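Examination of the molecular architecture
Below, each chain spelled out in residue letters.
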Amino acid sequence: MSRSPYQKLERRAYWRTGVEGRASFAESGMLRPRFPIVPEMRVATAGSCFAQHVGRALRVAGVGVIDAEPVPDFVSDKVAKDHGYRLFSARHGNIYTAAHLAQLAREAWEGFRPADPVWRLGARFVDAQRPSVEPSGVETAEEVLWQRQRHLACLRAAWEAADVFVFTFGLTEAFLHGESGTVYPVAPGVMGGEYDPARHVFHNYTVAETVAAFRDFMGVARAANPALRFLVTVSPVPLAATASGAHVEVATMRSKAVLRAACDEIVAEDEGVDYFPSYEIITSASARGRFYAENLRDVTEEGVATVMSVLRAAYGLAGGGPAVALPERGADTEEAEDDLRCEEALLGRFADAAEAG
Amino acid sequence: MRVLVFGNSHVGAWRDAWDGAGQGGAGQGGVGQGGVGQGGVGIDGAEGVEMAFFAVPEKLHARYRLRGKGIFAPRHVVTEEERARARALNGGRDQVDLASYDVAVHVGVAWFPERAAELAALGDPFGVEFGVGFGFGGGRAAYGAGFLDAALDEAAGAVVAGWGIDPNLKRRPFIYGRPVYAETCIASQHRLYAPWRAAAGQPVVAAAFLAMWRARLERVASAQGVRFVAPPAGLGRDWGPTRAEYLVQGGGVVVAGAADARGDHSHMNAAYGRAAIGHFLRQARARMDEPAVPA
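Not measured: the values here are computed from a predicted model.

**Quick notes on the overall build of chain B**
Helices and strands together make up the secondary structure of chain B, namely 8 helices and 11 strands. In chain B, which comprises 295 residues, the proportion classed as buried is 52%. Of the contacts made within chain B by residues no fewer than 6 positions apart, 75% connect residues no fewer than 24 positions apart.

And the structure:
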């Protein structure tokens, strides 16, 4: 046989041995970390709701996941998470887009002020940048602003103290304040506020915009914490709804492809960033769809456990063996999916009123 | 008015106060002898009151039960030896019937004022000046009203459930909370006092949370037909712990070199008992008509 660049590659390089013949995801070499994550490290997490799994897995593995806005142990997970606590390292709710992440960093360190920072929720008020954290709203706009200032102080502390920042890219679609370009985490009218086509615009980020936004974020974060490294991943959870005009499945593929490509660019050009293949594991052909629940959208406990087993195995963290479900305080494994807080999923409730198309 | 005071070792301060022990000095605390006392001299509102006491040490108290017919009695697991001890402490009785009294109060019941301290250790409510010092790296969590409503409701519900009141109990006693640990506990490194050590650094915030917790617990208990009375705030620091002067003699000692020893920062003297009785009698008279049956 003549010489070929495909000779003598690792088993993981070939589909037959790397996918068809693999014994387990955890031991298949899907992740070769660029930098270690060890229990002594401090990790900050943020991103889409799938990132909540990552934070929990790292915490269970003994890694020091930062909680800069803690609540006492006597508070149940349900009450805490319903109000935005114990989800991420700071109480910012889900951050679905890189643009929102970058904007938050600029608000925390550079004095950026979002347009329309307070939304009405009936007679009460919510933070337009994280409406989920006070699901019933608060009595005054003043309290919203007070809570936000406290949140930003905690967020700075968390991100400045972190050795590694874990971020899960979730979406490319967002609604913006048209005049200022302020990004909102959820569309006005979903969890407060009111959608006004004259003031709010829909935007579907491209690969270039996503890469630029994440680099913007890294620049701001590293100015405050020069040693900070980043572990990024793409959420495998499909869109609950799209405002793009496309079919939601087509929009999902577009969105995930953009995010995956963006991650590739970001990782390729920065040694301080690594990619973790959550998306690939859950959507793997070898899983034959079993990592998705009946609604074909939610990730099953087995899927989550498999992803996290790869994570722990790659970093040599506790529990790095076979996939195991990760119990959480006060919740058994069957409740774990309900334990996530995903604002984006609320978009699905508009489906009942949808027009045929 | 015939009042039955029953419960655990915290009944001791009430008994000492009623009997006049420690007037002008500290009492000895502990579980008192049973029977109807004719004392109460000098206690606000004690005129016309007869007070009876029934108490067993906490380890035994935990195995007593207030039955649906209103009899506070040992469970079946309590041994004859333990019953004999109860009888020795209570004038020959090892159980007591609440129906024999006009009013009954269960003293020394856990009400977890530490919940307020635990909140104060980590965050601040809206409307209270920022806590002294800072939490993680320079920030303290903000606790919104919605979160506090949910968290305190849930925690208060768990506390009331923990009282284990028989749903069939028709005539319910007042529930009187155990003393907040004395401020001397701050010097101990025992984990039991960790919430108060933390709250000591946040006195304004802790005071605010403690006021919320008292009100919430009272409201949640009341909704379940339980009349809860917290110890009066005036006996302690604004942020919670009871003043050292109310500790029973010998309590509150933290031995040098053994600062993590638990010690006794919990049992109070007759002066505390006098204030507690006066506070209770005012509450009892004001709330006598409050429903004390399941809603």
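**A look at the packing of aromatic side chains**
When we look at a pair of aromatic rings, we describe it by the centre distance and by the angle of the planes. Summed over all chains, the structure comprises 33 aromatic pairs over all chains. Centroid distance Trp146 of chain A to Phe126 of chain B: 5.3 Å. Interplanar angle 55°. Geometry classified as tilted. One end of the pair, Trp146 of chain A, is in helix H5 (residues 141-161); the other, Phe126 of chain B, is in the loop between strand E8 (123-125) and strand E9 (141-143), on a second chain. Residue Trp146 of chain A is classed as buried on the basis of its relative accessible area of 14%. Arranged with centres 4.8 Å apart and planes meeting at 55°, the rings of Phe6 of chain B and Phe72 of chain B form a pair that is tilted. Separated by 66 residues along the polypeptide, Phe6 of chain B in strand E1 (residues 2-7) and Phe72 of chain B in strand E5 (residues 71-74) bring together distant segments of the chain. Here Phe6 of chain B matches Phe72 of chain B in class, with each residue buried. Ring pairing ties together the aromatic residues Trp109, Trp159, Phe165, Phe167, Phe169, Phe214, Phe217 and Phe230 of chain A, which thus form one cluster.

**Considering the interface of chain A and chain B**
How large an interface is tends to be reported as the accessible area lost when its parts come together. On the side of chain B, 23 residues touch chain A, which itself brings 25 residues to the contact. Interface area, chain A with chain B, both sides summed: about 2,200 Å², of which 70% is carbon and sulfur. Interface area lost by chain A to chain B is led by Phe74, Trp146 and Arg150 of chain A, which between them contribute 33%. Seen at the junction of chain A and chain B, the total is 1 salt bridge. For Asp124 of chain B, the salt bridge goes to Arg150 of chain A, with nearest N and O atoms at 2.4 Å.

**Some details on the packing of helix H5 (residues 145-162) of chain B against helix H7 (residues 203-223) of chain B**
Residue and element names in this part refer to chain B. Two elements in contact, H5 and H7, have axes separated by 9 Å at closest approach and are oriented at 55°. As judged from the angle between their axes, H5 and H7 are oblique. Seen along the crossing, H5 lies across H7 with a hand that is right-handed. For the pair H5 and H7, contact is made by Leu148, Asp149, Leu152, Asp153, Ala155, Ala156, Gly157, Val159 and Val160 and by Phe209, Met212, Trp213, Arg216, Leu217, Val220 and Ala221, respectively. When its residues are assigned to classes, the contact of H5 with H7 shows 12 nonpolar, 1 polar and 3 charged.

**Some words on the sheet that holds strand E6 (residues 173-177) of chain A**
Residue and element names in this part refer to chain A. Reading across from one edge, E7-E6-E8 is the order of the 3 strands in this open sheet, with antiparallel pairing throughout. Of all strands in the sheet, those with a lone pairing partner are strand E7 (183-184) and strand E8 (200-204), marking the two edges. As judged from the 5 bridges shared by E6 and E8, these two strands associate in the antiparallel manner. Paired with Ala174 across the strands is His203, a residue of E8.

**Thoughts on H5 of chain B**
Helical geometry: 3.6 residues make up each α-helical turn, so side chains three or four residues apart lie on a common side. With 18 residues, H5 of chain B should cover 26 Å at 1.5 Å per step; its first-to-last C-alpha distance of 25 Å lies within 8% of that length. Listing the buried residues of H5 of chain B in full gives Gly146, Phe147, Leu148, Ala151, Leu152, Ala155, Ala156, Val159 and Val160 of chain B. Summarising the contacts, the buried residues of H5 of chain B are in contact with helix H3 (77-82) of chain A together with helix H4 (114-122), E8, E9 and H7 of chain B. Count one or two residues on from H5 of chain B and you reach Gly164 of chain B, which has phi positive near 60°.

**A short note on the environment of Lys69 of chain B**
Mapped onto the elements of the fold, Lys69 of chain B is located in the loop between strand E4 (64-66) and E5. Remark: the alpha-carbon pair of Lys69 of chain B and Leu169 of chain B, spanning 100 residues in sequence, is separated by 6.2 Å.

**Concerning the pattern of salt bridges**
Residues and elements named next belong to chain A. Within the structure shown, the criterion is met by 29 salt bridges over all chains. The closest approach of N and O atoms between Glu107 and Arg148, which form a salt bridge, is 2.7 Å. Of this pair, Glu107 sits in helix H4 (residues 98-110) while Arg148 sits in helix H5; the two residues are 41 residues apart in sequence, bridging distant segments of the chain. Here Glu107 matches Arg148 in class, with each residue buried. Salt bridges sharing common partners tie together Glu107, Asp127, Arg130 and Arg148.

**Some details on the sheet that holds E5 of chain B**
Adjacent strands of a sheet pair through backbone hydrogen bonds, lying either parallel or antiparallel. Residue and element names in this part refer to chain B. Here we have 3 strands laid out as an open sheet, ordered E4-E5-E6, and antiparallel in their pairing. Of all the strands in the sheet, just E4 and strand E6 (96-97) have a single pairing partner and so form its edges. Here 3 bridges tie E4 to E5, and the two strands are oriented antiparallel to one another. In the strand pairing of E5, Tyr64 is matched with Pro74.

**A word on the confidence of the model for chain A**
Here chain A shows a mean pLDDT of 91. Residues at 70 or above account for 90%. Long-range and interchain partners of residues 320-336 of chain A, a stretch whose pLDDT sits below 50, account for 35 contacts in this model, where long-range means more than four residues apart.

**Regarding the environment of Gly108 of chain B**
Summarising the element assignment, Gly108 of chain B is placed in strand E7 (residues 103-109). Separated by 100 residues in the primary sequence, Gly108 of chain B and Asn8 of chain B place their C-alpha atoms 6.0 Å from one another.

**Some remarks on the packing of H4 of chain B against H7 of chain B**
Helix packing for two helices is described by the angle between their axes and how far apart those axes are. Residues and elements named next belong to chain B. Taken N-terminus to C-terminus, the directions of H4 and H7 make an angle of 140°; their axes are 8 Å apart at the nearest point. Considering the angle they form, H4 stands oblique to H7. Crossing geometry of H4 relative to H7 is assigned as right-handed. Residue-level inspection shows Arg115, Ala116, Leu119 and Ala120 of H4 in contact with H7, the latter providing Val205, Ala206, Phe209, Leu210 and Trp213. Its residues placed into classes, the contact of H4 with H7 shows 8 nonpolar, no polar and 1 charged.

Cut-offs and rules
- Residues numbered from 1 in each chain as written.
- Chains lettered and ligands numbered in written order.
- Predicted model: local features only at pLDDT ≥ 70, side-chain atom pairs only at ≥ 80, totals over all residues.
- Heavy atoms only, no water.
- Helix = DSSP H or I, 4+ residues; strand = E, 2+ residues; numbered from the N terminus.
- Buried < 20%, exposed > 50% of the residue type's maximum accessible area, 1.4 Å probe, protein only.
- Contact = heavy atoms within 4.5 Å.
- Phe/Tyr/Trp six-rings, centres within 6.5 Å; stacked < 30°, edge-to-face > 60°.
- Buried area = accessible area lost by both parts, 1.4 Å probe.
- Salt bridge = Lys/Arg side-chain N within 4 Å of Asp/Glu carboxyl O.
- Axes fitted to C-alpha atoms, helices over the stretch in contact; angles between N-to-C directions.
- Parallel < 35°, antiparallel > 145°, perpendicular 65-115°, else oblique.
- Left-handed = near helix turned anticlockwise from the far one by under 90°.
- Nonpolar A, V, L, I, M, F, W, Y, C, P; charged D, E, K, R; others polar.
- Pairing = 2+ DSSP bridges.
- Expected span 1.5 Å × (residues − 1).
- pLDDT = per-residue confidence, 0-100.

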